[in-house]
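Structural description and commentary
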Amino acid sequence: IAEKLGIDLDYYFDILPMDIQNKYKSHNITLTGEVSELLKFVQKTITNGSLSKLFWEKDTPIREDKIQIILENLMEVYFYNKGVDITREALLATGKVDFKLHRNNGENEKILIEIKKASNPYLKAGYENQLIDYIRTSNCTNAFYLIICFTDKEYKKAINFIRNNIYTDSYHMYINISILDVRKKIPASKRKTSY
């Protein structure tokens, strides 16, 4: 049914019945689905663990190139033995995309990942122009636009960005906008209680 209707089940994976999830995951999970799972895992590790500390140098957010290094290492581990080639700063005709992932499993899957800090003045242009140019020149059908948030204000900005920048043209429709929330955590000993 999914093939006949042209539905990408990765978008609906979490709401599928468990028997279908198990069958689908073991045979048909796409690179897009795996990148989505990786980003969920990274966010969970940031939220529940100490990974968020790598995104800060004292009280200053790290630069975008250092974010790329962290994510590159996480991807290398996550995709180890899964036949996925990861290229950082991949040169395309119009510039360098932050990451290009490629898996040749008969379907020749390619995914682009572009990272922007929420504070970047080119946040909208990166989504509307830069990533679209990369998609066109690389013949990729799926991409991720990853917004990194360091403050509450940036997080609200990212949420509003997603609400206001959903397009259904033939390119934007296949861009997954994701947020990586690396806001500093307040230690439990310093949090106010609500008893």
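Residues numbered from 1 in each chain as written. Predicted model: local features only at pLDDT ≥ 70, side-chain atom pairs only at ≥ 80, totals over all residues. Heavy atoms only, no water.

Description of the confidence of the model for the protein chain
Threshold: Every residue carries a pLDDT, the predictor's confidence in it, which falls somewhere between 0 and 100. Here a strand is any run of E in DSSP of at least two residues, a helix any run of H or I of at least four, and the numbering for each starts at the N terminus.
This prediction gives the protein chain a mean pLDDT of 84; 81% of its residues lie at or above 70. When pLDDT is averaged over each helix and strand of the protein chain, the minimum, 59, is found for helix H2 (residues 18–27) and the maximum, 96, for strand E2 (residues 60–61).

Structural notes on the nonpolar core
Grouped burial of nonpolar side chains is what soluble globular proteins tend to show. The condition that has to hold: Put simply, buried Ala, Val, Leu, Ile, Met, Phe, Trp, Tyr and Cys residues joined by side-chain atoms within 4.5 Å make one nonpolar core. Burial here depends on accessible area, computed with a 1.4 Å probe over protein chains only, as a share of the maximum for the residue type. Under 20% is buried, over 50% is exposed, and the range in between is partly exposed. Note on definitions: a residue-residue contact is assigned when non-hydrogen atoms from the two residues lie within 4.5 Å.
Phe55, Leu71, Met75, Phe79, Leu101, Ile113 and Leu180 are the most contacted members of the largest nonpolar core, which has 28 residues in total. Secondary structure elements with two or more residues in this core: helix H3 (31–48), helix H4 (64–78), strand E4 (95–103), strand E5 (109–117) and strand E6 (142–149). Here this core gets 6 residues from one element, more than from any other, and that element is H3. Leaving out residues up to four positions away in the same chain, Phe55 has contacts with Ile46, Thr60, Pro61, Ile62, Ile67, Ile70, Phe150, Leu180 and Val182.

Let's talk about the pattern of salt bridges
Defined as follows: We define a salt bridge as a contact between a side-chain nitrogen of Lys or Arg and a carboxyl oxygen of Asp or Glu at a distance within 4 Å.
For the structure shown, the criterion picks out 13 salt bridges. For Lys40, the salt bridge is made with Glu37, and the minimal N-O distance between the two is 3.4 Å. Highlighted residues: Lys40 and Glu37, both in helix H3, separated by 3 residues, approximately one helical turn. Relative accessible area serves as the criterion here: at 25%, Glu37 is assigned to the partly exposed category. Asp181 serves as the salt-bridge partner of Arg183, at 2.7 Å between the closest nitrogen and oxygen. Using a relative accessible area of 25% as the deciding quantity, one classes Arg183 as partly exposed.

A look at helix H6 (residues 152–164)
Our working rule: Helix span, expected: 1.5 Å multiplied by one less than the number of residues in the helix. The arc in question is formed by the directions pointing from the helix axis toward the C-beta atoms.
End to end, H6 covers 18 Å across 13 residues, agreeing with the expected 18 Å (1.5 Å per residue, within 8%). Residues of H6 that are buried: Glu154, Ala158 and Phe161. On an axial view of H6, the arc spanned by its buried residues comes to 60 degrees, and they lie on one face. The exposed residues of H6 that point more than 90 degrees off its buried face are Lys153, Lys156, Arg163 and Asn164. In this structure, the buried residues of H6 make contact with helix H5 (123–138), E6 and strand E7 (175–181).

What about H3?
Compared with an ideal rise of 1.5 Å per residue, which puts 18 residues at 26 Å, H3 spans 25 Å between its outermost C-alpha atoms and is within 8% of the ideal. Listing the buried residues of H3 in full gives Leu31, Thr32, Gly33, Glu34, Val35, Leu38, Leu39, Val42, Gln43 and Ile46. Considering only its buried residues, H3 is in contact with H4, E4, E5, E6 and E7.

Observations concerning the environment of Ile162
Positionally, Ile162 belongs in helix H6. Look at Ile162 and you get partly exposed, because its relative accessible area is 23%. Residues Ile162 and Asn176, spaced 14 residues apart in sequence, show a C-alpha to C-alpha distance of 9.9 Å. Other than its neighbours up to four places away in sequence, Ile162 contacts Ile177 and Ile179.

Considering the packing of H3 against H4
Pairs of packed helices are described in terms of their axes, by the angle between the two and the distance that separates them. Threshold: Between N-to-C directions, angles cover 0 to 180 degrees, with each direction set by a line fitted to C-alpha atoms, over the stretch in contact for helices. What sets the label is the angle itself: under 35 degrees gives roughly parallel, over 145 gives roughly antiparallel, 65 to 115 gives roughly perpendicular, and the rest give oblique. The sense of a crossing depends on the near helix, which, turned anticlockwise from the far helix by less than a right angle, makes the crossing left-handed and, turned clockwise, makes it right-handed. Under the convention adopted here, Pro, Cys and the residues Ala, Val, Leu, Ile, Met, Phe, Trp and Tyr are nonpolar, Asp, Glu, Lys and Arg are charged, and Gly plus all remaining residues are polar.
The interhelical angle for the contact between H3 and H4, taken along N-to-C directions, is 120 degrees, at an axis separation of 11 Å. Considering their axes alone, H3 and H4 lie oblique with respect to each other. For H3 against H4, the interelement crossing comes out right-handed. Contacts from Glu34, Glu37, Leu38 and Val42 of H3 reach H4 at Leu71, Leu74, Met75 and Tyr78. Tallied by class, residues from the contact of H3 with H4 come to 6 nonpolar, no polar and 2 charged.

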